[in-house]
Amino acid sequence: EMLRSLVGSEMCIRDRVKINVQIRDLRAIKEASIDLEGITVLSGLNASGKSTISRLLYYVGYYANGYQSLLETSLFNELLPVLTFLYQNIIGLGAKLLTKPHFPLSALLSKEDIFEREEDIHDCITVIKEVFAFGEQVKKVDRERLGKLMGKTIKRREVYLHTLDELDEKVGEIYRRYNKDLLDRPVTPLVSSLRSDFPGAEEDLVEHISVSEEETVILGPHRKTLGQFSSLDHIFYIDTPMITMMPRISQGEEGRLPLNWEELIPLFYEEEGAAAPASEETQCILETIEEVSGGSIKLPRHEQGTSRKMRSFFIGKDGNSYPISEVATGIKSFAILQCLLKRGLIHRQTVLVLDEPEAHLHPQWIVEYARIILLMHHQLGVRFLIASHSPDFVQALYRIANEYYGETLTKGLSFYLSESSEEEGGGGYTFRNIGNDIGEIFDCYNISYEKMDQYAGDGEDKE
């Protein structure tokens, strides 16, 4: 009844903004043009390119609206030899320093806030120079370290001090270049990142892809800079519920895990933020998930007087608390949605990319999960790009959307089916928009029955 009282509202789906992803001749994909206005579902055989489309949209969406994070890794890697040199020298000089850096020395080798630490790096160079300018002996190891860093041979004290000035200017030039890139937003860093995330992709990767928002091209063959989305603040790519039980990411682990994991894992450890109170619609969805899953996730809070690492727990209806790692995998799937909702990260400016969300769910919960997706879209305006192999999931989305919500919602619900392009004279798969005609998807799924007949029926081929 609570859901029915909200269904009549016109909320966030009236003014849909269309995002389009086009891919041609990339990995398994021969051609795809995918529109995302509400809920878009990709179906088809394994290894036909569904995850490629999902990951591409995620990476472009994440970096287009977080361009600084794209540059942070490059900036840190370029500065790392300088930071290492400074760290070694400051540790070596110890008590001989006339002044001290005004930040924890352990933070010197951290990537965190690297764009805001230029002054700190200049300060470190200054305090080292002060020691040697006031008479400290320049040892051979000091000259060799700085000489290796700057690509020159240093034999005299005066040259060493002058080279420290050159190092100071080099740091300034690096920051000037990256700050200029922050303003200009060249597409090159994103293309480099995509090549590492899509092994085997062609050198001219950007020639094969295009991502646009309405008429504005965000990334494409003829665009030299990376655009920005106006309708997207957050994009999350959920490809496994097991991220809920991953250990806290330690300093230096960034870049070793998939980007979407790096984004999601900390949400289960960070203290609950001061987000605005949940809206009536959000609270309704949270209560629905709690009713289905049998409990609710509890976000971590700081316990005064303790320093232990906090993480989220699952609170069952019986009031008992369970570590996320010990609850059923299906409950973990719902816990991710609860976490994002409670942190205020799901709203009309959010896109959720889901890769086979039904994989760990009981058939009954597959239907419930589909119902919650429709509710989140209808009440909060969230857009979804979903790759699925489940006939129950596809049918649940279609039937609930059509028979419960009606025409307003179904206009934003579309299905795409991958089809082999071999018969057209070339390899790869083409994605065809079949609208709401899910019958074609079931024809694809029914191949499994043909296989059963082949191996278990009266057919001749049973080997």
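Every value quoted in this text rests on a predicted model; they were computed, and no experiment measured them.

Chemist: How should the packing of aromatic side chains be read in this particular structure?
Modeler: For any pair of aromatic rings, the description rests on two quantities: the centre-to-centre distance and the angle between the ring planes. Enumeration according to the criterion identifies eight aromatic pairs in this entry. Between Tyr 58 and Tyr 62, the aromatic rings sit 5.8 Å apart at their centres with planes inclined by 40°, giving tilted as the arrangement. With Tyr 58 and Tyr 62 both in helix H2 (residues 50-64), this residue pair falls four residues apart, about one helical turn. Its relative accessible area of 0% is what places Tyr 58 among the buried residues. Geometrically, the ring pair formed by Tyr 58 and Tyr 237 is tilted, given 5.8 Å between the ring centres and 40° between the ring planes. Taken together, the residues Tyr 58 in helix H2 and Tyr 237 in strand S6 (residues 234-238) connect sequence positions 179 residues apart.

Chemist: Is there a simple way to think about the environment of Met 376 in this case?
Modeler: Looking at the secondary structure, you find Met 376 in helix H11 (residues 363-380). Judged by relative accessible area, Met 376 falls into the buried class, the value being 0%. Separated by 94 residues in sequence, Met 376 and Thr 282 place their C-alpha atoms 8.1 Å apart. Contacts of Met 376, omitting those with residues within four sequence positions, involve Ile 285, Leu 337, Ile 346, Leu 352, Gly 381, Val 382 and Phe 384.

Chemist: I would appreciate a short explanation of unusual backbone geometry in the present structure.
Modeler: It is generally the case that most residues other than glycine have a negative phi and that most peptide bonds are trans. Positioned with a positive phi, Asp 113 is a non-glycine residue whose angle comes to about 55°. The topology assignment puts Asp 113 in the loop between helix H3 (67-93) and helix H4 (118-133). For Asp 113, a relative accessible area of 42% gives the class partly exposed. One non-glycine residue with positive phi stands out, namely Glu 356, at about 50°. Mapping Glu 356 onto the fold places it in the loop between strand S10 (350-355) and H11. In this structure Glu 356 comes out as partly exposed when scored by relative accessible area, which is 29%.

Chemist: Help me understand the sheet that holds strand S7 (residues 295-298) in this model?
Modeler: Note: strands within a sheet are paired through backbone hydrogen bonds, in either parallel or antiparallel orientation. Pairing is antiparallel across the open sheet formed by three strands, whose spatial order is S7-S8-S9. Each edge of the open sheet carries a strand with a single partner, namely S7 and strand S9 (321-323). Adjacent strand axes in the sheet meet at a mean angle of 30° when their direction is disregarded. Pairing between S7 and strand S8 (residues 313-316): four bridges, direction antiparallel. Looking at the pairing, Gly 295 lines up with Gly 316 of S8. The sheet contacts of helix H10 (residues 329-342) involve S7 and S8, and relative to S7 the element is tilted by about 55°.

Chemist: Please clarify how the side chain of Ser 54 should be interpreted in this entry.
Modeler: Locating Ser 54 in the fold gives a position in helix H2. The class for Ser 54 is buried, based on a relative accessible area of 0%. In contact with Ser 54, not counting residues within four places along its chain, are Leu 42, Tyr 237, Val 353, Leu 385 and Ala 387.

Chemist: For this particular structure, what's the right way to read the pattern of salt bridges?
Modeler: Think of it this way: side chains of opposite charge can pair up when their charged atoms draw near. Tallied over the full model, the rule gives 15 salt bridges. The salt bridge partner of Arg 177 is Glu 78, with a shortest N-O separation of 2.7 Å. With Arg 177 in helix H6 (residues 157-184) and Glu 78 in helix H3, this residue pair connects regions lying 99 residues apart in the sequence. Connected via shared salt-bridge partners are Glu 169, Glu 173 and Arg 176.

Chemist: When you look at the nonpolar core in this model, what are you seeing that I'm missing?
Modeler: Among soluble globular proteins, nonpolar side chains are generally buried collectively. Ranked by internal contacts, the top residues of the largest apolar core, which has 74 residues, are Ile 53, Leu 86, Leu 146, Leu 194 and Leu 219. The element best represented in this core is H3, accounting for 12 residues. Leaving out residues up to four positions away in the same chain, Leu 194 has contacts with Leu 56, Tyr 59, Leu 205, Ile 209 and Leu 219. In this structure, Phe 236, Leu 286, Leu 352 and Tyr 445 belong to the second largest nonpolar core, which totals 60 residues.

Chemist: Can you walk me through empty space enclosed by the protein in this structure?
Modeler: One way to see where empty space is left: roll a probe the size of a water molecule over the atoms. In the structure shown here, the tally under the stated rule is one cavity of 30 Å³ or more. If you add up the space inside the largest cavity, you get close to 30 Å³. Considering the residues around the largest cavity, the lining is formed by Ile 19, Asn 20, Val 21, Ile 34, Leu 36, Ile 53, Leu 57 and Leu 385. With three residues, strand S1 (residues 19-26) is the largest single contributor of residues to the lining of the largest cavity. Along the lines of polarity and charge, the residues of the lining of the largest cavity split into seven nonpolar, one polar and no charged.

Chemist: Would you take a moment to explain the packing of H2 against H3 for this structure?
Modeler: Any two packed helices are characterised by the angle at which their axes cross and by the distance between the axes. Taken N-terminus to C-terminus, the directions of H2 and H3 make an angle of 90°; their axes are 5 Å apart at the nearest point. The pairing of H2 with H3 is recorded here as roughly perpendicular in orientation. Between H2 and H3, the contacting residues are Tyr 62, Tyr 63 and Ala 64 on the first element and Tyr 67, Ser 69 and Leu 70 on the second. Residue classes in the contact of H2 with H3 are distributed as five nonpolar, one polar and no charged.

Chemist: Even after reading the chapter, I still don't get the pairing of strand S13 (residues 429-435), so can you show me in this structure?
Modeler: Successive side chains on a regular strand alternate, one facing one side of the sheet and the next facing the other. Here strand S2 (residues 29-36) runs beside S13; their pairing, made up of two bridges, is parallel. Residue Ile 29 lies in a different strand from S13, and its bridge partner there is Tyr 429. Bridge count between strand S12 (residues 413-420) and S13: six bridges; the pairing is antiparallel. Within S13, the residue paired with Ser 420 across the bridge is Tyr 429.

Chemist: Help me out: how do you make sense of the sheet that holds S10 in this one?
Modeler: With mixed pairing, 10 strands are arranged side by side in an open sheet as S5-S4-S1-S2-S13-S12-S3-S11-S10-S6. Both outer strands of the open sheet, strand S5 (216-219) and S6, are each paired with one neighbouring strand and no more. The average angle at which neighbouring strand axes cross in this sheet is 20°, direction not considered. Relative to S12, helix H12 (residues 391-405) is tilted by about 150°, and along the sheet it contacts strand S3 (39-43), strand S11 (383-387) and S12.

Conventions we followed
Residues numbered from 1 in each chain as written. Predicted model: local features only at pLDDT ≥ 70, side-chain atom pairs only at ≥ 80, totals over all residues. Heavy atoms only, no water. Phe/Tyr/Trp six-rings, centres within 6.5 Å; stacked < 30°, edge-to-face > 60°. Helix = DSSP H or I, 4+ residues; strand = E, 2+ residues; numbered from the N terminus. Buried < 20%, exposed > 50% of the residue type's maximum accessible area, 1.4 Å probe, protein only. Contact = heavy atoms within 4.5 Å. Pairing = 2+ DSSP bridges. Axes fitted to C-alpha atoms, helices over the stretch in contact; angles between N-to-C directions. Salt bridge = Lys/Arg side-chain N within 4 Å of Asp/Glu carboxyl O. Core = buried A, V, L, I, M, F, W, Y, C linked by side-chain atoms within 4.5 Å. 1 Å grid on protein atoms, 1.4 Å probe; cavity = no way out; pocket = protein on both sides within 12 Å on 5 of 7 lines; lining within 4 Å. Points joined across faces, edges and corners; volume = space filled by probe spheres on them. Nonpolar A, V, L, I, M, F, W, Y, C, P; charged D, E, K, R; others polar. Parallel < 35°, antiparallel > 145°, perpendicular 65-115°, else oblique.

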